[in-house]
Amino acid sequence: MRIGELSERTGTPRRLLRYYEEQGLLLPERHPNGYRAYDERLVDRVMQIRGLLDAGLPTRIIRQILPCLDKPRVIHCADTTPDMIATLEHERDRMTERIQSLVRNRDAIADYLDAVRLTQDEMDVTTRS
C-alpha cells in the first residue's frame, strides 16, 4: 500500500509516518520509482508505535523494543545497558500505574452510568403511573 492509505488506515499523518521511517521505526520497501510500499503488517506496527509514544517512550527506546513485538519474537539484546533496563523498568511501572488509574476511572464512570440509568428508570416508572 502507499503512504496515503497507511495514513488513512492508522489515522497517522503522512509527515509523521515519514518521521517514523527516519527514526528507523518503519522500514517500507522502495519501488524503482522511489515510491514507498507499506506492507499490511505495518498497520499494526504504526499503532504499536503510536501507543508506545503515547505512553511516553522516546523513539530511541521504541526502536530497541520493537523487535520484541514481532511474531515470532527475535530479541536482540547486544546493546542493552543497565541504564536502558532501568529506563524500561521505570516506563513499565509508569504504564502500570496509568493502567490502574484508567481502570479506576472507567469503573467510576460505569458506576455513575448505572446510578443515572437506575434514576432514569425510576423516573420513567413514576411518569407512567
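For the structure itself, consult the block above.
Residues numbered from 1 in each chain as written. Predicted model: local features only at pLDDT ≥ 70, side-chain atom pairs only at ≥ 80, totals over all residues. Heavy atoms only, no water.

Engineer: Any details on the pattern of salt bridges? Residues and values, ideally.
Structural biologist: Scanning all chains against the criterion turns up eight salt bridges. With its nearest N and O atoms 3.0 Å apart, the salt bridge here joins R106 to D107. Looking at R106, the relative accessible area reads 51%, which means it is exposed. Using a relative accessible area of 35% as the deciding quantity, one classes D107 as partly exposed. Among the charged side chains, a salt-bridge network with shared partners connects E5, R9 and E40. (Salt bridge = Lys/Arg side-chain N within 4 Å of Asp/Glu carboxyl O. Buried < 20%, exposed > 50% of the residue type's maximum accessible area, 1.4 Å probe, protein only.)

Engineer: Explain the environment of P28 residue by residue, including any values.
Structural biologist: Note that P28 resides in the loop between α2 (14-22) and β1 (29-30). The class for P28 is buried, based on a relative accessible area of 13%. With ten residues separating them along the chain, P28 and Y38 place their C-alpha atoms 5.1 Å apart. Beyond its immediate sequence surroundings of up to four residues, P28 is in contact with E21, R36, A37, Y38 and L42. (Helix = DSSP H or I, 4+ residues; strand = E, 2+ residues; numbered from the N terminus. Contact = heavy atoms within 4.5 Å.)

Any link to function would need more than the numbers given here.
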